[in-house]
Amino acid sequence: MNRNASLDQLRSEEFDICIIGAGASGAGCALDAALRGYKVAIIDRKDFASETSSRSTKLIHGGVRYLEQAFKKLDFAQLKQVRHGLEERHIVLKNAPHLARPLALMTPVGSWIEGLYFKIGLQLYDTFATNDSLPKSKWLTKKEVLDKIPTLNKKKLHSGVLYYDGQLDDARYCLALVQSAHEAGAVTANYLNVNGFVKDETGKLSGVRVQDAQTGNDFTIKTKLVINCTGPFADHVRLLANPALPERIRPSKGVHVVLPFETLNSEYAMLIPKTSDGRVVFAIPFEGAMMIGTTDTETDNLDTESTLNNTEKQYLVETLNPFLDKQIDITQLKAGFGGLRPLLSADPSKSTKSLVRDHEVEVDSVSGLVSLLGGKWTTYRLMAKDTIDQADSIFSKSNACTTADHMLAGGENYSPGLADHLTTQFALPTDIAKHLVKKYGSRATKIAELTTNNVSLKERLVSKLPYIQAEVIYTVRNEMVIKPRDFLARRIRLEITDWHETLNCLPIVANLMAAELGWNDTEKQQQIDEYALQLRQFIADAGA
Ligand SMILES: Cc1cc2nc3c(=O)[nH]c(=O)nc-3n(C[C@H](O)[C@H](O)[C@H](O)COP(=O)(O)OP(=O)(O)OC[C@H]3O[C@@H](n4cnc5c(N)ncnc54)[C@H](O)[C@@H]3O)c2cc1C
C-alpha cells in the first residue's frame, strides 16, 4: 500500500463508495464492497485501527455474559447475538489463521454448586457453536486447574471450568482486512480527516471533503455513496451530513491493565465470572504479557485519548487479587490502554452495561449517508455484509457476498511450519521466526529476505523480545506506517504491552523510518519528541 499513489487516485478519480473510518467496521465493508466489484475508497483520520479496533479485549466470542443475561432476562436479542458471534468465530479464525487462534479460558470456582452452574452454562454455550471444531468445555479438578494456572489462590479454589473462544491480534487483523481490500482494488489512505461533504442539487452526498493530516492540504473525494464507519464517532459524521439527525451512539469507555506474564504464568486465560459491578473480567495472555480488563463507563469525552485512571486501575487489580496466591500491586503495571465502545441505544434510560452489542445499518433519506452503527469485533464480517447488501439495494444490484471464504492477506498458503524454513534459510532465531510467521503469515518471508543483504536488520529492537529492525522497513514500505506510533502500537504491539521498552527503542525505530521516509534530523527529532512525550505521560499517570 503506497500512500502517495493512493492520494493521487483519491484526488482524481470518482468512486462508487467512499468509506469513512478504517477500524473493524470500515475495513470489513471495504473488503466486502471491493470483492463485489465496487470501486471503493477507504480513509481514516488517523492510522488504521488506531481507535477502538486496536483497544479491544481481543476475544472472538459469542459472549458468555450475554448468554447468561439472555437466559436470566429471557432476552432473545442477546441470544441472537451469542449465536451470531459463535457462527462468526469460526470464520474469523479460518480466514486469518496467523492472526487469530483458539484460546483456552479457565473459570475458577469456589464451590461445587458454582462449578455446576458454570458447567451447565458453558455446555449451553458449546451447543450454540455448531460450525467449528473448538474443544468443548470441561469441568476440571483443583489439581488440574493448578497444573494449568499455577499462580491461582489455592485456599479459595474448589475446581474450574475450562472452555474455548477465539483470540485475535485486533490491530493487525484490521490491517489485514485493509490490505486485502487494497488487493481487491480498493484505494486506501490513513491520516485523512473528513471535515465536510459536497452535496448535489437534490441534497444527496456526492463528495467527501478531507484534510490531509500530514500536509494540511484539503481536497474532495468524488463518490456516489458514502458509508460512515466511524464507530464511537459516528454521530459527528452523521450530523455533518444532516444536522437534523438525532444522536444514536452511547460511547462507553473500557480499559485494560497490562501486567507481567508471570502474574498467571500460563498460556491459559482466566474468566472472572462475577465482579463487584455485576460484570465479567478477563485476564488474558497476550504478546508475552498478561492483560486484564475491562471496565464499562459511559462517557461523552470523545476528544481526548481514553487512558487509565486510578479508579479503573484499582478496580481491575482488586478484582484479580482474590484469585491469586501472591497479590499484585499497581506498581507492577507494564502498560495499559483504553477504548470507546460504539454502543447503540434508542433508550437513553438504559445503562451502557445492559446494551446489546448489536449493530444497525441506517440510511439517511435526506443526505443518502449510510451509517454502520454499533456492533463488535467478532461480528465485523456480518456487519459489513448487512451494510454492503444495503449498498447493493441502493445501486439496484444483487451481488453475492464472498467474504466468508476469502483468505485475508498473509493467510494464503499459511503454515506454522514456515517458521522452521525461516530459521534454516535465513538463520533467524526460532522466537523471531515464529513471531514473523504469527504476525505476517505467509508474507513473513518478505521480511526475512530484507535481512539477506543487510544483516543488521536482523537485530532485535528490544533485547528479550522477537521484534526486529527489518519489520520497520517492511511495514513502512508495505503497511503504510507514517509515524513511529503506527509501528510500535499497531504493526507490532509493543506499546500496549510495555511502555518503557517502547520508549527505549523509539530512537532506533525513528532512525530507520527517517532513512525510509526521507526525514531530516529536525523532523526525526519532532517525531521522537511527540511520541516520547505521550509515552512519558502514560507512565507518569499510571505510576508505572
Ligand atoms: C474495551 C473494549 C473491549 C472490547 N472487547 C471486544 C472483544 O473482546 N471482542 C469483540 O468482539 N469486540 C470487542 N469490543 C468491541 C469492538 O472493539 C468494537 O466494536 C470495534 O472495534 C469497533 O470498530 P469500528 O470500526 O466500528 O470503530 P473504530 O475502531 O473506533 O473505528 C472508527 C474509525 O473512524 C475513524 N474516524 C472517526 N472520525 C473520522 C473522521 N471525521 N474522518 C475520518 N476518519 C474518522 C477513527 O479514526 C477510527 O479509526 C471491545 C470494545 C472496547 C472498547
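Structure's up top.
Owing to the predicted nature of the structure, the values given are computational and were not obtained by experimental measurement.

Draft legend 1. Broad picture of the side chain of Gln167. Looking at the element boundaries, Gln167 is found in strand E6 (residues 159–168). Given the relative accessible area of 7%, Gln167 is considered buried. Within the local environment of Gln167, its side chain forms a polar contact with the backbone oxygen of Pro285, the two atoms lying 3.0 Å apart. Discounting chain neighbours no more than four positions away, the residues touching Gln167 are Lys58, Ile60, Leu99, Ala100, Arg101, Leu103, Ile284, Pro285 and Phe286.

Draft legend 2. Layout of the packing of aromatic side chains. One pass over the full model with this rule turns up eight aromatic pairs. Pairing Tyr38 with Phe395 gives two aromatic rings, centres 5.2 Å apart and planes at 35°, and the pair type is tilted. In this pair, Tyr38 sits in the loop between helix H2 (24–35) and strand E2 (40–43) while Phe395 sits in the loop between helix H10 (380–394) and helix H11 (418–426), placing the two residues 357 residues apart along the sequence. You can call Tyr38 buried: its relative accessible area is 5%.

Draft legend 3. Highlighting the nonpolar core. Residues Tyr173, Leu320 and Leu422 are the most contacted members of the largest nonpolar core, which totals 150 residues. Considering each element in turn, this core owes the most residues, nine residues, to helix H17 (residues 499–517). Non-local contacts of Leu422, meaning those with residues more than four positions away in its chain, are made with Ala427, Leu428, Ala433, Leu436, Val437, Ala444, Thr445 and Ala448. Counting 21 residues, the second largest nonpolar core, distinct from the first, contains Ile43, Leu192, Val210 and Leu369.

Draft legend 4. Seen up close, empty space enclosed by the protein. Inspection of the entire model under this criterion finds three cavities of 30 Å³ or more. Surrounding the largest cavity, 19 residues form its lining, Arg55, Glu305, Gly336, Phe337 and Glu495 being those nearest its centre. Looking at the lining of the largest cavity, the elements that each hand over two or more residues are strand E16 (335–344), helix H15 (484–491), helix H16 (494–497) and helix H18 (521–542). Classifying every residue of the lining of the largest cavity by side-chain character gives seven nonpolar, five polar and seven charged. Taken together, His98, Leu99, Arg172, Gln179, Ala409, Gly410, Lys439, Tyr440, Arg443, Tyr474 and Glu479 make up the lining of the second largest cavity. The residue makeup of the lining of the second largest cavity, split by class, is four nonpolar, three polar and four charged.

Draft legend 5. Inspection of the packing of H2 against helix H7 (residues 170–183) at higher detail. The geometry of H2 relative to H7 is characterised by a closest axis approach of 8 Å and an angle of 25° between their N-to-C directions. What the angle tells us is that H2 and H7 run roughly parallel. Between H2 and H7 lies a crossing whose hand is left-handed. For the pair formed by H2 and H7, the contact residues are Ala24, Ala27, Gly28, Ala30, Leu31 and Ala34 on the first element and Cys174, Leu177, Val178, Ser180 and Ala181 on the second. Its residues assigned to classes, the contact of H2 with H7 shows nine nonpolar, two polar and no charged.

Draft legend 6. Up close: unusual backbone geometry. Look at the link from Gly293 to Thr294: it is a cis peptide, with omega at 20°. Tracing the chain through its elements places Thr294 in the loop between strand E14 (289–293) and strand E15 (297–298). Even without being a glycine, Ser396 presents a positive backbone phi close to 55°. Along the chain, Ser396 falls in the loop between H10 and H11. A relative accessible area of 67% places Ser396 in the exposed class. In this structure, Ala427 takes a positive phi of about 50° despite not being glycine. With respect to the secondary-structure elements, Ala427 resides in the loop between H11 and helix H12 (430–440).

Rules used throughout
Residues numbered from 1 in each chain as written. Predicted model: local features only at pLDDT ≥ 70, side-chain atom pairs only at ≥ 80, totals over all residues. Heavy atoms only, no water. Helix = DSSP H or I, 4+ residues; strand = E, 2+ residues; numbered from the N terminus. Buried < 20%, exposed > 50% of the residue type's maximum accessible area, 1.4 Å probe, protein only. Polar contact = N/O pair within 3.5 Å; in protein donor to acceptor, adjacent residues only side chain to side chain. Contact = heavy atoms within 4.5 Å. Phe/Tyr/Trp six-rings, centres within 6.5 Å; stacked < 30°, edge-to-face > 60°. Core = buried A, V, L, I, M, F, W, Y, C linked by side-chain atoms within 4.5 Å. 1 Å grid on protein atoms, 1.4 Å probe; cavity = no way out; pocket = protein on both sides within 12 Å on 5 of 7 lines; lining within 4 Å. Points joined across faces, edges and corners; volume = space filled by probe spheres on them. Nonpolar A, V, L, I, M, F, W, Y, C, P; charged D, E, K, R; others polar. Axes fitted to C-alpha atoms, helices over the stretch in contact; angles between N-to-C directions. Parallel < 35°, antiparallel > 145°, perpendicular 65-115°, else oblique. Left-handed = near helix turned anticlockwise from the far one by under 90°.

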